[in-house]
Structure formats: structure tokens, C-alpha cells
Amino acid sequence: MAPEVFAQAIVSIEHNYGLRLDARSVWMHMDAIACGKGWKGTKPGCKRAGGGKIAEYGIRSEGATTAGRKISTVAEIDMGRKAIGSDMLERLDASIAPEIRKETEEVKKLRVAFDKIFDDDPVGAWGSPEFKALTAAENRTYGIRQTAISVMEELRSSLFKMPRAEASALAAKVQILKSASKNEAETREHLTEFIQMTNGKAAETFKKIKVDSARPNADIEKGAINLGRSETPDARKEALFHEFGHILEMNSGLYKSTTKWLDQRITGPAQSMNKLSKFSAYGDDEIARPDHFIDPYVGKVYPGGLTEVLAMGLERMISPKSMLQFYQADPEHFLLTVGAIKRA
């Protein structure tokens, strides 16, 4: 399948099924299509597509309680909890209550059943019992999901600390090289949002945005970000938030907290990323420490204190919907990310 065809398929799936497909999954498949088995480089901030099992977490509005997992005491988690407030947290926790989680798992099973019918009969599938069952199950959780998304919209707006005009002026100073000029207006809009959310901290030292490889990365020493060859607006926005997240982590000294959080969460020694992610697209020297993270890539090991914790969190702050999915998957990591934004 050609990369552009694959990208269109991603857009179609997201539109028709309401799913958000992680950008790394898109990169993984497109890299395999276009580049074979991939690269060996492990430059800090350079990430490779990967997937991971979503953790099973309990409700965590007061204390962080994780089923079978270690609990972190990083200060930013409490900062995030206070920033959100008890009322918002109660409304968000309703979206991960046991009965809603059970319904969500049922929706996943019904969607698999419907997909099998659709593969055999794309037209008739829409009138099938499987489709009716899927629709009924989705409707049962629709209201609570929409309420939670509206809470996330409110929270996301509250995180924008810098006035838009000021953030836009800072974004305009960043040079977008010819290689990344195809989506320049979109990139500056995404950058403006990131600057508003992080009070301009990451934009102070980064001067260039480019596209020179399929895999995004941040070159901290040269002050340049490669956005990679992502084919959808959401994937490009994720890449920008992720790579600028590395800069924010270093500029604000947040790497001390993210490193501490990893140390408190890990469940064993470092392993190959290929083993943890069950993909073979990573370099042999790319390793990560395991836990039930939102993605094994969160635990990736770098020399010098750099982590993927904040970058992986920030890429999920691109929209209220992605924020809700983040909170549902790992409330503690979500609270840490919100606390880091507030501290920036």
C-alpha cells in the first residue's frame, strides 16, 4: 500500500469510527512501507513508532491508586490535581467508572465483530445486527463521553497562559525551512497553541522547523526540530508537541521530576524496545524500562537525563478528545503532564 493511500485509510477510519489512531502507529506502518525495517540512530528526541498495551487503572481523583502498579510522589502530580480541581476530577472520573469501562470494552468487541462483517460485505454491513448492536452500545456511553470531553475543553482552555497575539508573534519568529513549508500555516497555528500552553518556554531556544526524514526528532544543540513526514494534521500536531516537549523538559528543569517519576513507576530492568513494543522497527541499541505506560516508549532510556515522559504526555494534549483518552489510560501520567504545564 502506498503511503498516501495508507494515510487516507487512517483518516477514513478516524472519521467513520470516531477512533484516534496514535501517530506512532501511522509512522510505524508508513516507515515499513517506505523505508523497510528502519533506522539505527538514537539521537535524543528521535523517536520510532511503537505501540503498547493500555494499562488498567482505577479511579484516581484524590490519591493516585493504580491496580498492581507503584505510585509516584512527584510534586507535579499534586500540582496537576490542584490545577484541575476536585469538581472537574469527579466529572472526569465518571468517564472511567467500572460500568463505563465495561461498556467501552464491549464496544471494542462489537467493533471487531462488525469489522469482520464489513470486510465481507461493505454495503450490507451497515444494516447488520452487528452494526445495530455496536450503535446501541456506543449510544449508552455517548452522554458520559461528551460530558467528559466538555470538561477537557474547559481544562485545555485554562492551560493557555499566554495571550494568543503574544504567542503568535513568538511563533512567527521561528524559521520554517523549505522542507516543511508545505504546511507552514498549519505548523504556525500548532506552534502558537503550544507556546500559549507552555508560556513560551520551549520557543525561547528553538529557531528552526524542518522535515528531513520520516521519523521526527529534536536536535537540542542546533535548536532545530524535524517534524517527520506525518500525513495527517493531527499526526503533525502530535509530532510538534512531542518534540517541543523535549525542549520544555530541559529548559524548565522538569527532567528531574520526569526521571524521578520513571524511577518510581518502572517494574524491571531495561529491555529492547523491539521486545517491549512487539515491533522490529527500532534500533538494536534502543532500550526502555517497563511499566504499564500508555506506550512502552515512555520508558525509553537516554543518557544525560532526557526522558520521553513529558514529550509523550504533551503529544496527547493536542485536543480535548485526545486528552480524555490520555486521562482514561493513565491518570497519573496525565496529572503529571498538567502539573508540568502549570509549572512551566
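Residues numbered from 1 in each chain as written. Predicted model: local features only at pLDDT ≥ 70, side-chain atom pairs only at ≥ 80, totals over all residues. Heavy atoms only, no water.

1. Considerations on the packing of aromatic side chains
What the rule picks out here adds up to twelve aromatic pairs. A ring pair is formed by F118 and W126, whose centres lie 5.7 Å apart and whose planes are at 75 degrees; its orientation type is edge-to-face. Taking the relative accessible area as the measure of exposure, F118 reaches 27% and is therefore partly exposed. When the ring of W261 is compared with that of F293, the centres are 5.7 Å apart and the planes differ by 45 degrees; the resulting orientation is tilted. With a gap of 32 residues between them, W261 in helix α10 (residues 255–265) and F293 in the loop between β6 (287–288) and α12 (309–314) connect regions that are remote in the sequence. The same class applies to W261 and to F293, which are both buried. What links up through ring pairs into an aromatic cluster is the set F114, F118, W126 and F131. (Phe/Tyr/Trp six-rings, centres within 6.5 Å; stacked < 30°, edge-to-face > 60°. Buried < 20%, exposed > 50% of the residue type's maximum accessible area, 1.4 Å probe, protein only. Helix = DSSP H or I, 4+ residues; strand = E, 2+ residues; numbered from the N terminus.)

2. Focus on the nonpolar core
Within the largest apolar cluster, 68 residues are counted, with the highest numbers of intra-cluster contacts made by I84, I209, F244, W261, M317 and F334. Every residue in contact with F244, bar those within four places of it in the chain, is listed here: L191, F194, A202, A203, F206, I209 and I225. Counting residues in each nonpolar core, the second largest holds six residues, with L110, A125, L134 and A137 among its members. (Core = buried A, V, L, I, M, F, W, Y, C linked by side-chain atoms within 4.5 Å. Contact = heavy atoms within 4.5 Å.)

3. Notes on a negative patch on the surface
On the surface, D115, D119, D120 and D121 cluster together into a patch of negative charge. Looking at where D119 falls in the secondary structure, it is placed in helix α5 (residues 98–120). (Patch = residues over 30% accessible without salt bridge, like charges linked within 9 Å, V, L, I, M, F, W, Y side chains within 5 Å. Areas by Shrake-Rupley, 256 points an atom, 1.4 Å probe, with all protein chains shown as cover. Salt bridge = Lys/Arg side-chain N within 4 Å of Asp/Glu carboxyl O. Lys, Arg positive; Asp, Glu negative; His and termini not counted. Charge placed at Lys NZ, Arg CZ, Asp CG, Glu CD.)

4. Focus on the packing of helix α13 (residues 320–329) against helix α14 (residues 331–343)
Helix packing for two helices is described by the angle between their axes and how far apart those axes are. Remark: α13 packs on α14, axes separated minimally by 5 Å, with the N-to-C direction vectors making an angle of 125 degrees. When the axis of α13 is compared with that of α14, the two are oblique. Only P331, H333, F334 and T337 of α14 make contact with α13, whose side of the interface consists of M323, F326, Y327, Q328 and A329. (Axes fitted to C-alpha atoms, helices over the stretch in contact; angles between N-to-C directions. Parallel < 35°, antiparallel > 145°, perpendicular 65-115°, else oblique.)

5. A few points about the environment of L92
Within the secondary structure, L92 is located in helix α4 (residues 86–93). Once the C-alpha coordinates of L92 and R145 are considered, the two residues, 53 residues apart in sequence, prove to be 9.1 Å apart. Residues in contact with L92, not counting those within four places in the same chain, are I84, A148, V151, M152, L324 and Y327.

6. Describing the sheet that holds strand β4 (residues 224–226)
Taken in spatial order, the four strands make up an open sheet running β1-β2-β4-β3, and their pairing is mixed. Because the sheet does not close on itself, it has two edges, and the strands there are β1 (175–176) and β3 (217–219). Of the strand pairs in this sheet, β1 and strand β2 (residues 208–210) are connected by two bridges, and their pairing is parallel. The residue bridging Q175 from the neighbouring strand is K208, located in β2. (Pairing = 2+ DSSP bridges.)

7. A closer look at the packing of α10 against α14
In the contact formed by α10 and α14, the axes pass within 12 Å of each other and the chain directions differ by 165 degrees. Taken together, the axes of α10 and α14 lie roughly antiparallel to each other. For α10 against α14, the interelement crossing comes out right-handed. Counted together, S257, W261 and R265 of α10 and E332, H333, L336 and R343 of α14 form the full contact between these two elements. When grouped by side-chain class, the residues that make up the contact of α10 with α14 number two nonpolar, two polar and three charged. (Left-handed = near helix turned anticlockwise from the far one by under 90°. Nonpolar A, V, L, I, M, F, W, Y, C, P; charged D, E, K, R; others polar.)

8. Concerning the environment of K82
Looking at the secondary structure, you find K82 in helix α3 (residues 75–84). Owing to a relative accessible area of 64%, K82 belongs among the exposed residues under this scheme. Each C-alpha atom, one on K82 and one on V338, is 9.8 Å from the other, the two residues being 256 residues apart in sequence.

9. Concerning the confidence of the model for the protein chain
Averaged over every residue, the pLDDT of the protein chain is 80; residues scoring 70 or more account for 79%. Helix α2 (residues 23–35) is the least confidently modelled element of the protein chain, averaging 37 in pLDDT, while α12 averages 97, the highest of any element. For residues 1–69, every residue scores under 50 in pLDDT, and the model assigns this stretch 169 contacts once sequence neighbours within four places are set aside. (pLDDT = per-residue confidence, 0-100.)

10. Examining α5
Across its 23 residues, α5 extends 34 Å between first and last C-alpha, which sits within 8% of the 33 Å expected from 1.5 Å per residue. For α5, every residue scored as buried is listed here: I100, V107, L110, R111 and F114. (Expected span 1.5 Å × (residues − 1).)

11. Focus on the environment of N183
Here N183 lies in the loop between β1 and α8 (184–198). In the structure, N183 is positioned 50 residues away from P233 in sequence and 9.0 Å away in space, judged by C-alpha atoms.

12. Considering the pattern of salt bridges
Under the counting rule described, the total for this entry stands at 21 salt bridges. A salt bridge links E138 to R111; the nearest nitrogen and oxygen atoms lie 2.8 Å apart. Placement of the pair is E138 in helix α6 (residues 129–158) and R111 in helix α5, with a sequence separation of 27 residues. Here D330 ties to R265 by a salt bridge, and the two come within 2.9 Å at their closest N and O atoms. Note that D330 is positioned in the loop between α13 and α14 and R265 in helix α10, a separation of 65 residues in sequence. Note on D330: relative accessible area 0%, which makes it buried. Judged by its relative accessible area of 0%, R265 is buried. Salt bridges sharing common partners tie together R265, D291, D330 and E332.

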